[in-house]
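Architecture at a glance
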Amino acid sequence: QEGSLCAQHCLNNLLQGEYFSPVELSSIARQLDEEERMRMAEGGVTSEDYRTFLQQPSGNMDDSGFFSIQVISNALKVWGLELILFNSPEYQRLRIDPINEKSFICNYKEHWFTVRKLGKQWFNLNSLLTGPELISDTYLALFLAQLQQEGYSIFVVKGDLPDCEADQLLQMIRVQQMHRPKLIGEELAQLKEQRIQKTDLQRVLEANDGSGMLDEDEEDLQRALALSRQDIDMEDEEADLRRAIQLSMQGSSRNVCQEIPQTSGTHLTSEELRKRREAYFEKQQQQQQQDPPAQLSHPCEKPTTSSGALGSDPAGDAISEEDMLQAAVTMSLEIVRNNFKTEGKK
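Residues numbered from 1 in each chain as written. Predicted model: local features only at pLDDT ≥ 70, side-chain atom pairs only at ≥ 80, totals over all residues. Heavy atoms only, no water.

Quick notes on the confidence of the model for the chain
Fine structural detail should not be taken from predicted coordinates in areas where pLDDT scores are low. The condition that has to hold: For every residue, the pLDDT score states the predictor's confidence, bounded by 0 at the bottom and 100 at the top. Any two residues having at least one pair of non-hydrogen atoms within 4.5 Å are treated as being in contact.
In the predicted model, the chain carries a mean pLDDT of 75, and the fraction of residues at 70 or more is 56%. Across residues 252–266, where pLDDT falls below 50, the model places 28 contacts with residues more than four positions away in sequence or in other chains. Across residues 293–319, where pLDDT falls below 50, the model places 30 contacts with residues more than four positions away in sequence or in other chains.

Brief notes about the nonpolar core
The test is simple: What is meant by a nonpolar core is a set of buried Ala, Val, Leu, Ile, Met, Phe, Trp, Tyr and Cys residues, joined one to another through side-chain atoms within 4.5 Å. Each residue is assigned to one of three classes by its accessible area relative to the maximum for its type, calculated with a 1.4 Å probe on protein chains only: buried under 20%, partly exposed between the two thresholds, exposed over 50%. Strands here mean DSSP runs of E at least two residues long; helices mean DSSP runs of H or I at least four residues long; both are numbered from the N terminus.
Leu25, Ile72, Leu76, Ile105 and Trp112 are the most contacted members of the largest nonpolar core, which has 25 residues in total. Those elements giving two or more residues to this core turn out to be α1 (6–15), α2 (22–41), α4 (69–77) and β6 (153–158). Looking at this core element by element, the count peaks at 6 residues for α1. Residue contacts for Leu76: discarding those within four places in its chain leaves Leu11, Leu14, Leu81, Leu83 and Ile105.

Looking at unusual backbone geometry
The phi dihedral of Gln16 falls on the positive side, at around 60°, and the residue is not glycine. Among the structural elements, Gln16 can be located in the loop between α1 and α2. On the basis of relative accessibility, which here comes to 30%, the residue Gln16 falls in the partly exposed class.

Examining a nonpolar patch on the surface
The following threshold applies: Two distance rules govern patches: like charges are joined within 9 Å, and nonpolar side chains (Val, Leu, Ile, Met, Phe, Trp, Tyr) within 5 Å, applied only to residues with over 30% relative accessible area and no salt bridge. Note that accessible areas follow from Shrake-Rupley with a 1.4 Å probe, and for residues the cover is restricted to the protein chains shown. Only one rule defines a salt bridge in this text: a Lys or Arg side-chain nitrogen within 4 Å of an Asp or Glu carboxyl oxygen.
Where nonpolar side chains cluster on the molecular surface, the patch consists of Tyr19, Val78 and Trp79 and spans about 290 Å² of accessible area. With respect to the helices, strands and loops of the structure, Trp79 is situated in the loop between α4 and β1 (82–85). Residue class for Trp79 comes out partly exposed when judged on its relative accessible area of 31%.

Topic: the packing of aromatic side chains
Applicable threshold: Classification of ring pairs uses Phe, Tyr and Trp, with its six-membered ring standing for Trp, and accepts pairs whose centres are within 6.5 Å; under 30 degrees between planes counts as stacked, over 60 as edge-to-face, and the remaining range as tilted.
A complete count under the given rule lists 8 aromatic pairs for this structure. Seen in terms of ring centroids, Tyr108 and Tyr152 are 5.1 Å apart; in terms of plane orientation they differ by 35°. Their pairing is tilted. Of this pair, Tyr108 sits in strand β2 (residues 103–108) while Tyr152 sits in the loop between α6 (137–149) and β6; the two residues are 44 residues apart in sequence, bridging distant segments of the chain. Residue Tyr108 is classed as partly exposed on the basis of its relative accessible area of 32%. Since its relative accessible area comes to 16%, Tyr152 is described here as buried. With a centroid separation of 6.0 Å and an interplanar angle of 50°, the aromatic rings of Tyr139 and Phe143 are classed as tilted. Placement of the pair is Tyr139 and Phe143 together in helix α6, with a separation of 4 residues, close to one helical turn.

Brief notes about the packing of α1 against α4
What counts is decided by this rule: Each axis is a line fitted through C-alpha atoms, taken for helices only over the stretch in contact, and angles between the N-to-C directions span 0 to 180 degrees. Our angle categories are set so that under 35 degrees counts as roughly parallel, over 145 as roughly antiparallel, 65 to 115 as roughly perpendicular, and the remainder as oblique. Definitions for this section: a left-handed crossing has its near helix turned counterclockwise from the far helix by less than a right angle. A right-handed crossing has that turn clockwise. Gly falls in the polar group here, along with every residue not listed as nonpolar (Ala, Val, Leu, Ile, Met, Phe, Trp, Tyr, Cys, Pro) or charged (Asp, Glu, Lys, Arg).
Where α1 contacts α4, the axes come no closer than 11 Å and their chain directions differ by 30°. Classed by the angle they form, the pair α1 and α4 counts as roughly parallel. When the axes of α1 and α4 are compared, the crossing they make is right-handed. Each of Ala7, Leu11 and Leu14 in α1 lies in contact with α4, whose residues at this interface are Ile72, Ala75 and Leu76. In the contact of α1 with α4, the residues fall into 6 nonpolar, no polar and no charged.

With respect to the side chain of Gln8
We count it as follows: In the analysis that follows, any N or O atom pair within 3.5 Å is treated as a polar contact, provided that within protein one partner can donate a hydrogen and the other can accept it, and provided that, for residues neighboring in sequence, both atoms belong to side chains.
Inspection of the secondary structure puts Gln8 in helix α1. Of the polar contacts made by the side chain of Gln8, one reaches the backbone oxygen of Phe20; its length is 3.2 Å.

Some remarks on the layout of surface pockets
Take a probe with the size of a water molecule and roll it over the atoms, and the empty space left behind shows itself. Going by this rule: Think of a 1 Å grid over the protein atoms and nothing else: a 1.4 Å probe that fits but is trapped marks a cavity, an open set flanked by protein within 12 Å on at least five of seven lines marks a pocket, and residues with an atom within 4 Å of a point count as lining. Grid points are joined across faces, edges and corners, and a volume is the space filled by probe spheres set on the points.
Of the voids in this model, the largest pocket is the one considered here, and its volume is about 330 Å³. If you go around the largest pocket, you meet 16 residues; those closest to its centre are Asn124, Asn126, Glu133, Phe143 and Leu147. Of all elements in the fold, only β3 (111–118) and α6 reach the threshold of two or more residues within the lining of the largest pocket. With 4 residues, α6 is the single largest residue contributor to the lining of the largest pocket.

With respect to the side chain of His111
Structurally, the position occupied by His111 is in strand β3. Polar contacts involving the side chain of His111 include one to the side chain of Asn126, which spans 3.0 Å.

See below:
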């Protein structure tokens, strides 16, 4: 709808063509005003009623584009059409089913719209909608009753409407409507909101030039990686010591003293490890008694004498075993730290 020219749109939707313009309807309204003035002048141009009539604005049109029912009725007389009030006693006595009519004109306050049958189907041609609204035959009577309840005046259009392409086409086919049209105000509000959202998005993208958000994501990723590396580098010494002792108890002594036989994958208790070490030192003592004393090749193997052999001097045995365990723990710590450094570089 353009402006408040609902009466013009109502007539053109009824006739399915651009038959009336605001200028033509204004001409009809001025003609009606002149006829009313002449009737009032019959009572005397000096009468109080006549002077009051002249001071009042036109009742057939106004500056907003509104036109009265008299203007619409006179415009339809050009096409041989007549308007009858739908809820008038004269029409109600006829008991005509609304489905058997051809069209209706509805008015509430200053708004006019047409309901018309095209082909074999009814349509609400309200100019405030984004498109025609399909009305089923079973819903037509309920639709008109609802309009009356809301305060609308309904007029039945009597006479033969001019031929139109839409009526000819819909005589052959029936249409289906999946979605009802919205009011123009609702549609415009949605479009305006979409434009605002789009403008805001474009403004953000232009401000960041498409790279700001990417830089922010990259910074977050770098920050997460740095925190991850920091967690590894700041591993506390107590955890290192626990790992070293565990590795030592589970066979890491094989890496320290390779001469000690051990089954791969076997988890030894401290008692089993002590017994194996005692057997190892006993074997070393026997070799020293047969051969001259020699320096052990492995750095963790400390030279021993007969007094330091296991079983001959308990105190010496305890000191030797403690030294061996300390050496294993120290080397295991070095292995763990080297592994962490290697993994960190990867």
